[in-house]
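# Residue-level structural notes
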Amino acid sequence: MNENKTWIDEIWEKIDKKLKPVSQSSFDKLPYTTENGKYVEKKSGDGVCWWTNGFWPGLMWLMYVGTKDEQYRKTAEHAEELLDEAFEDYDHLNHDVGFMWHISAGVNYRLFGGHKSKVRAMHAADILAARFNSSGKFIRAWNGDLFGRVIIDCMMNIPLLYWASHETGDPRYKYVAMSHADTTLKTHLRADGSVHHIVDLDIVTGEPVEAFGGQGYELGSAWSRGQSWALYGYILSYIHTQKQVYLDAAKRVAHYFIANTAEYGVPLCDFRAPQEPVIYDTTAGACAACGLIEIAKNVPEHEQHLYMKAALRILKALEKDFCDWSDKEDSILQKGTEAYHSPDSSKHIPIIYGDYFFTEAIYKLKGFDMLFW
Ligand code: GLY
């Protein structure tokens, strides 16, 4: 364990050294990827409503909690203000309000209790809860006429609702979150521990109508970031509710993820795709590592090593081959992939949530115990 501690301390210091200047040079941005080594915002998509826009303030808060450096706090708070414009939009906000505000305004409020931050996080929670279909018992993902569309990613949005119930004492948010999680156990989690990315559900009964391959290789394949959303999402639902089936589900997905990363540690973009071309998605590995560490904290001592060893194997492989520690490049984690069938320009690129989850995993290993989700 000493060898691991030395490694963890070294990596944490490298992250801090790298991000200190970047927290200033990217003060006025909500970064998505990098161009010519500099963080840039998402060029297309939903503008300020783009689903990843909470990760930059979230990353800054991780660094603030871990270092108490005021620059990180200033940058996080400024990014939270930049996000306000998204509340003026209606058409482009969807279930990803959880990703956007739980680790930005939500963390700010949990740290400092500011009224404005609370209002932002509660407003986001209300938007998310309003997407609940009370007949089918699920949260709809996207807009337009996709009324029954449910994607596994939402397991990472619902922790905002657990917090909202905790904060207000109103059980409805938690009820919505648990109803949604219970539905996905039936509709998205497969017998072998893998998950579907997208399933359309009947809007009255909640029964599955049609599944889709989504961002993975094909229908029935196993998009690795989707697996990591499920892995981390189910253990978070367990932490917030203590409902055993969520822990069991998280372990099942974890076992599938561990089996598929046993050889090298770095996940392919899809675990059930042809061997060529080799397409990695490092972001899936970083997110899964966070979930594995949380599973390790929630199982009996004699079970912990399986999950902790797997998390370390993944993180060390990511660090060895895919982290850029130079001052020529703003991002840390390279070779994230948006989707298996994305254009080449969206494959093997740095993506902000890769840096976020890699840092969150090291933050957890350092022993900082404030849970961001
Ligand atoms: N939530 C969308 C993605 O993981 O790309």
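The present account deals with the structure reproduced in this document. Throughout this document, residue positions are counted from 1 along each chain, in the order its sequence is written. Side-chain atom pairs in this predicted model are given and counted only at pLDDT of 80 or more, local residue features only at pLDDT of at least 70, and totals for whole chains, interfaces and linings cover all residues. Processing note: side-chain calculations cover all non-hydrogen atoms of the structure and skip hydrogens and water entirely.

A few words now on the packing of aromatic side chains. Stacked, tilted and edge-to-face pairs are distinguished by plane angle, under 30 degrees for stacked and over 60 for edge-to-face with tilted covering the rest, among Phe, Tyr and Trp rings (Trp via its six-membered ring) whose centres lie within 6.5 Å. Enumeration according to the criterion identifies 33 aromatic pairs in this entry. The rings of W51, F55, F99, W229, Y232, Y353, Y356, F357 and W373 are connected pair by pair, giving a single aromatic cluster. The ring of Y64 carries the charged tip of K68 above its face, separated from the ring centre by 5.4 Å. The criterion is that NZ of a Lys, or CZ of an Arg, lies within 6 Å of the ring centre and within 35 degrees of the ring normal, and then a charge sits over that ring. The ring centre of W7 lies 5.5 Å from the NZ or CZ of K316, which sits over that ring.

Time to look at the site of the ligand. The near set for a molecule or strand comprises every residue that places at least one heavy atom within 4 Å of it. Lining the immediate environment of the ligand, one finds W51, D153, Q215, W223, R225, W229 and Y353. Here an oxygen atom of the ligand and a side-chain polar atom of Q215 are 2.8 Å apart. Think of a polar contact as two N or O atoms within 3.5 Å of one another; within protein, one of them needs to be a possible hydrogen donor and the other a possible acceptor, and neighboring residues in sequence only count if both atoms come from side chains. Contacts to the ligand include W229, whose side-chain N or O atom sits 3.0 Å from an oxygen atom. Partitioning the shell around the ligand into residue classes produces 4 nonpolar, 1 polar and 2 charged. Gly falls in the polar group here, along with every residue not listed as nonpolar (Ala, Val, Leu, Ile, Met, Phe, Trp, Tyr, Cys, Pro) or charged (Asp, Glu, Lys, Arg).

Our next topic: the packing of helix 1 (residues 2–25) against helix 2 (residues 55–67). Lines fitted to C-alpha atoms define the axes, with helix axes restricted to the stretch in contact, and inter-axis angles between N-to-C directions lie between 0 and 180 degrees. The numbering of helices and of strands both runs from the N terminus, where a helix is a DSSP run of H or I of at least 4 residues and a strand a run of E of at least 2. Between helix 1 and helix 2, whose axes approach to 11 Å, the crossing angle comes to 125°. Here helix 2 runs oblique to helix 1, going by the angle between their axes. The way helix 1 lies across helix 2 gives a crossing that is left-handed. Between helix 1, through W12, I15, D16, L19, V22 and S23, and helix 2, the contact on the second element is made entirely by W56, L59, M60, L62, M63, G66 and T67. Taken together, the residues of the contact of helix 1 with helix 2 break down into 9 nonpolar, 3 polar and 1 charged. Roughly parallel here means an angle under 35 degrees, roughly antiparallel means over 145, roughly perpendicular means 65 to 115, and every remaining angle is called oblique. Here a crossing is called left-handed whenever its near helix is offset anticlockwise from the far helix by less than a right angle, and right-handed whenever the offset is clockwise. Contacts: residue pairs with any heavy atoms within 4.5 Å of one another.

Relative accessibility thresholds used throughout: buried, under 20% of the residue-type maximum; exposed, over 50%; partly exposed, between the two (1.4 Å probe, protein chains only). Among all positions of helix 5 (residues 105–112), only A105, G106, V107, N108 and Y109 are buried. Of the surrounding elements, those touching the buried residues of helix 5 are helix 2, helix 3 (70–83), helix 4 (97–101), helix 6 (115–129) and helix 7 (159–168). Among the residues trailing helix 5, G113 stands out with phi positive, at a value near 70°.

Take the sheet that holds strand 6 (residues 198–201) next. Across a sheet, paired strands are connected by hydrogen bonds in the backbone, their directions being either parallel or antiparallel. When DSSP finds two or more bridges between two strands, those strands count as paired. Ordered by their spatial adjacency, 3 strands build an open sheet running 5-6-7, and the pairing between neighbours is antiparallel. A strand with exactly one partner marks an edge of an open sheet, and here the two such strands are strand 5 (149–151) and strand 7 (208–212). Direction aside, neighbouring strands of the sheet carry axes that sit 25° apart on average. Across 3 bridges, strand 5 lies against strand 6 in antiparallel orientation. When the sheet's bridge partners are listed, V150 is paired in strand 6 with V199. Along the sheet face, helix 8 (residues 172–187) touches strand 5, strand 6 and strand 7 and points at about 105° away from the line of strand 6.

Okay, the environment of G148 next. Locating G148 in the fold gives a position in the loop between strand 4 (138–139) and strand 5. Look at G148 and you get buried, because its relative accessible area is 8%. When the C-alpha atoms of G148 and D202 are compared, they prove to be 6.0 Å apart, with 54 residues separating the residues in sequence. Here G148 is in contact with F138, V199, D200, L201 and I203, once residues within four sequence places are set aside.

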